[in-house]
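Residues per chain are reported as follows:
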Amino acid sequence: MSTLAPNMEQQTETALQVTDLRVATTLGTEILHGVSFALKPGRMLALVGESGSGKTTAGLACLGYFRTGLQHVGGSVQLTDGADLLELSDAGRRGLRGGSISYVPQDPALSLNPAMRIGTQIMEVLRVHGYGASEADRRNRLAEVLTDVGLPNDAAYQRRWPHELSGGQQQRVGIAMAFAFRPEVMVMDEPTTGLDVTTQALVLQTIHQLMTTHAVAGLYITHDLAVVSEVADEVAVMLAGRIVEQGPCDQVLHAPQHAYTRKLLAAVPDLAGRHRIGEVAAVTGAMPIVGVEPAASVRRPAAADPDTASLLSVADLRLSYGSATVLDGLNLELGRGESLMLLGESGSGKTTAARCIAGLNDDYTGSVSLAGKKLEPGTRKRSAEERHRIQYVFQSPLSSLNPRRTIGESVEVPLHMSGTFSRKQRRALVLEALDQVQLAASFIDRRPGQLSGGERQRAAIARALVNAPSVLVCDEVTSALDVSVQASIIDLLRTLQVETGMAMVFVTHNIALARHISQRLAVLHAGRIVDMGPTDEVLDNPQHSYTRELLTHVPAL
Amino acid sequence: MSTIDTHTETPVTIDETPPGLLRRILRQRQAKVGLALTGVIVVLAVFGPLLLPWLTGYTSTEFAGRPFQPDGLFGTDNLGRDVLSRFLDGGLSLLVFAALATGLGMLVGTAAGMLAAYQGGWLDSVIMRGNDVLLALPQLVFALLAITVLGPQGWVVVLVIGITHAPRVARVTRSAASAVITEDFVRASEMYAVPRWKILAKDVLPNITGPLMVELGLRMTYSIAAIASLSFLGLGMQPPAADWGLMINENRTAMTLQPWGVFLPVLAIAILTVGSNLITDAVARASATVEESK
Amino acid sequence: MLGVILRRLSISAVILLVVSMLVFVATLLLPGDPAQAILGQQATPERLAALREQMNLNDPFIQRYLDWLGGLFVGDFGSSTASGGSVGALLGDRVVNSLVLMVAAAVISIPVGIIVGTYSALRRGKAGDHAATGISLVLAALPDFVIGIVLVALFSTTVFRVLPSVTIAAPGEHVWDYPGQLILPVLTLVLVVIPYIIRMMRTTMIEVLDSGYVEMARLKGVPERQVIWRHALPHAIAPVAQVVAIQLAWLAGGIVIVEFLFRYPGMGQALVDAVTNRDVQVVQALAMLIAAVYVVVNLLADIVGIMTNPKLRTGGMR
């Protein structure tokens, strides 16, 4: 039965019980307002929330650990024997950490000591907690746990440095460290963020196996609801330091009670496209290519193009950095007003391709043509007209706006370079662009530091729009945003397409967005397009083995 | 078209307008103390010469009595001149030269550092190697070399101290600018074909003011120390000019008898440099917190 | 790793070479005639010509540069215009004396600086930290000679009169025969150099203590002492080695002031005398010596940095 109040009934033995936990900053601001949940052996509780919800703080509190600047001001964390972890001395807590209660960190690159071999780091847990009777016992256990997480366990591998491992392998070392002492409780903090879909699937499998085989109680902290359904038995949804809903997975995910949960679920893009994220009618294969005239404005009229079939045409794009080939003969076509998703995992070359198209990167061979005319590599060599027509939006909302300039000044930059607009005209165009991205006019004089992530991203889009482009290249523009904010940006982009009739290349690694933003889908792997076609076709009937593998591993709600 | 409902987003801590860097600096105790200390000495150095000879009755070069006598407020110096008069007259040249040397170093160093960071490639290598060569000699030794050849003149001292500051400033500027140049908003400006000098001026420079101001403070403190040291060695201001560094050297033989000839200038230099360093420290802390809130 | 080290070595060599050219250019710029300066005003034109020939002053610039450079390697630094004697003979003892000061200062300041800096980092924000940071700030600001004079006033002339303010060893005796006279100069050098070591150690330790892997070690239940020794300190070595090197190199320049102040018979005093007398050969020789010390010490610091960075050791990353 899914409830809104914390579930205090204990049907099975509880490994860890958090009751009314309150945490505040050292200056007095409370950030966790009475959080309660229970972890049971062999079962996984997922703690879900967007950034700032306090989920990591709650997770670390289960180990009796509070980051600098935070302090425990109320509530308890009880173990099986009833003792309150938070009442124990420092030494007492340390004795439990890594031993009975362990932690899998989010970013192994930051959490593994780069100057210590991985074998030594895992052994450290065993030594500190006194596993077994002898060093030999510990060595055996080390080999055992490496096998458990699916890594080679020979001595040579144990002597490797963290930087010699891939992201997925590093993450598994993190899991091995947490699992080495056979803990009763494992707290996992977003352990698969940043991993590609296939590796993520493997890691999730490993975790599942370990937990069920050894009856470990698990807390899985994440923001990704799709992953939750794959891995957790129970879900607790957090918002601003409170749990707003808690209960078994299928109840909470399929019959949510709280408004926030519903909003969150509505914002999660699903691969099957069965529900729409946001409000604007979805851009799917059913929708014809948009051919709406842009609204009349101060802009100059769109140049008359020769009658070619595709607006943007990329042929045999190649780029290498030294001996590493990034783009290996990429071919792409984009029609007028069309929305194309360029899908690729990290290392596939998608950002590089997007930058070559937009002229940010001029090292390539091959051709990028706009309306039949070949473009020079690099924007400085292109004509002003050509620069206007292709615009690019960056991934990071933090990095794409100059923190020392107002939004108005930043959005105005492209106008300065496009010639003869008077100051009044520029301001009018900036206001118009802000209006298009649904930012109030008052934003024009604010600085990026005063805006949220979503608002900054809108401002960045406004900057791209101010010259009325024909092609908008969006490079992972929602990857750094919370799910609900992502939904609103996707909404915005669809609105813009309908209103302005511009074409869009949407670059991302998140395949679940496909049916929500694109009419055509191109799958990029190792610098080459391996699958391209209308979205529905590619998803239902993938041609390439890579695409097929990708689709089988995508977590679904 | 609906306007955005910010409440649909999870509450993110948004800064109210962060107080300007200057205000942040001034809020700290170090800054207040530093400014007070430096202020006192600067006023003394600038207005001191104007008070002669009517305040003490002597100019800084007149003979007032026998050497090392305790007459008057602070006694006489090694040649019988009035210590107080020489003290009042001795700070201005130090400040002026230090300011000029610092200014020169900052100008050249900042330009070199930004160019090196932005252009990269061979220009970067050339500038960095040039830096390494200049940095291979301690600043003082370099100054001594120049003075050997060109003589202990004011402009030589300013030029050589300024030149030795430049590589240090360039190094800091380059590393700060490099961090900014990889940011997307610089790439955006490049994409819009903004002229390169404009990118440096409007996108890069305003975002490295923190480290630059810290460098300014450090260099200023060092300039004062270096120029006073050179005078102390007898290789800066030459007698009979009144100069604090020179005074200290001239009078130290009789420190047991008549310490004021040494103490007054030592105190002045000490207060000046400590004050300057306190201000620099306040600037460093203020700009560090700006970084964190970004 | 070896490749990286060799590359650093060759860069250092080139830098030193360029510095030597810079130093030698001073000869060109010096007004007046070195031969005249040595022989004085009364010298006859023939004797001047003969001396010029002997000193190779008529050779082309490049030739003279190479001769001088070659001389540096074998220890022939030319002749002093002031004394007429060989520069090498003049400097031999003095170099040793200066080294005594530098080594003594290094041996005291490095461990003390590291310990105080670490202590400061561990007690961040508390009274001990504030005190250490405050004192460092003041010491870092004060010019070397001010520190020296204050010490002299404190211990030698005005407050207490226990230590000598000038060096009293007669020529022929070693400076360490009267260890009391070494105390104030060494103490001055230590106080000049220590604030930077403290500050750098503190900053580095704080950065390391805030890192992800230190947090992870704590979350694994590793006792705090082990966290500091095994996880934190090893990462602090490289940056600290850099600062230590810079300070040691700084000592090479700092001795100039200190030796002058205490009339200590070392390289620094010799340098000041030579500059005052416009004795170019000596100045050149000393400048090169000091530059060489600087470059070598920095090179060692870089090598320590390379060796403690596993990424560079395995060549796994560029």
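What counts, and at which threshold
Residues numbered from 1 in each chain as written. Chains lettered and ligands numbered in written order. Predicted model: local features only at pLDDT ≥ 70, side-chain atom pairs only at ≥ 80, totals over all residues. Helix = DSSP H or I, 4+ residues; strand = E, 2+ residues; numbered from the N terminus. Rg over C-alpha atoms; globule rule 2.2 N^0.38 Å. Buried ≥ 20, exposed ≤ 12 C-beta atoms within 10 Å, placed from the backbone. Contact = placed C-beta atoms within 7 Å. Pairing = 2+ DSSP bridges. Axes fitted to C-alpha atoms, helices over the stretch in contact; angles between N-to-C directions. Nonpolar A, V, L, I, M, F, W, Y, C, P; charged D, E, K, R; others polar. Core = buried A, V, L, I, M, F, W, Y, C linked by C-beta atoms within 7 Å.

(A) Local environment of the overall build of chain B. Secondary structure summary: chain B contains 12 helices and 0 strands in total. Sequence-ordered secondary structure for chain B, helices as α and strands as β, is α-α-α-α-α-α-α-α-α-α-α-α. Compactness check: chain B gives a C-alpha radius of gyration of 24 Å against a globular reference of 19 Å for 294 residues, more than 25% above the reference. Its C-alpha atoms put chain B at 90 × 45 × 30 Å along the principal axes. Counting over 294 residues, chain B shows a buried share of 54%. The long-range fraction of contacts in chain B, counting pairs at least 24 apart against all pairs at least 6 apart in sequence, stands at 71%.

(B) Quick look at the sheet that holds strand β5 (residues 101–104) of chain A. All names here are of chain A. Ordered by their spatial adjacency, 6 strands build an open sheet running β5-β6-β7-β3-β8-β9, and the pairing between neighbours is mixed. Whereas interior strands pair on both sides, the edge strands pair on one side only; in this sheet they are β5 and β9 (242–248). Within this sheet the neighbouring strands show an average axis-to-axis angle of 15°, counted without direction. Two elements, strand β3 (residues 44–49) and strand β8 (residues 234–239), share 5 bridges in a ladder whose sense is parallel. What sits directly across from Gly49, in β8, is Met238. Along the sheet face, helix α11 (residues 259–267) touches β8 and β9 and points at about 100° away from the line of β8.

(C) Region of the structure containing the sheet that holds strand β4 (residues 70–79) of chain A. Residues and elements named next belong to chain A. Read from one edge of the open sheet, 3 strands run β2-β1-β4, paired in antiparallel fashion. Across the chains shown, the open sheet's two edge strands, defined by having one partner strand only, are β2 (30–39) and β4. With strand direction ignored, the average angle separating the axes of adjacent strands in the sheet is 5°.

(D) The arrangement of the interface of chain B and chain C in detail. In this assembly, 35 residues from chain B lie in contact with 43 residues from chain C. Of all the secondary structure elements, the ones that give two or more residues to the side of chain B that touches chain C are α5 (121–135), α6 (139–150), α10 (209–232) and α12 (260–293) of chain B. With 10 residues, the single largest contributor to the side of chain B that touches chain C is α12(B). Classifying every residue of the side of chain B that touches chain C by side-chain character gives 24 nonpolar, 8 polar and 3 charged.

(E) Highlighting the interface of chain A and chain C. Tallying the contact residues gives 24 residues for chain A and 16 residues for chain C. Of all the secondary-structure elements, those providing two or more residues to the side of chain A that touches chain C are α2 (90–96), α3 (108–111) and α4 (118–128) of chain A. Ranked by residue count, the leading element in the side of chain A that touches chain C is α4(A), at 3 residues. Partitioning the side of chain A that touches chain C into residue classes produces 12 nonpolar, 7 polar and 5 charged.

(F) Up close: the pairing of strand β19 (residues 528–534) of chain A. Residue and element names in this part refer to chain A. Here 6 bridges tie strand β18 (residues 520–525) to β19, and the two strands are oriented antiparallel to one another. Bridge assignment links Val523 to a residue of β19, and that residue is Asp531. From the end of β18 to the start of β19, which pair antiparallel, there are 2 residues, and Ala526 there has a positive phi angle of about 50°.

(G) Focus on the nonpolar core. Counting residues in each nonpolar core, the largest one holds 342 residues, and the members touching the most others are Leu342(A), Val505(A), Ala143(B) and Ile197(C). Examining the composition of this core, we find that 20 residues originate from one element, helix α10 (residues 224–262) of chain C, more than from any other. Beyond its immediate sequence surroundings of up to four residues, Ile197(C) is in contact with Ser109(C), Ile110(C), Gly113(C), Ile114(C), Gly117(C), Val243(C), Val244(C) and Gln247(C).

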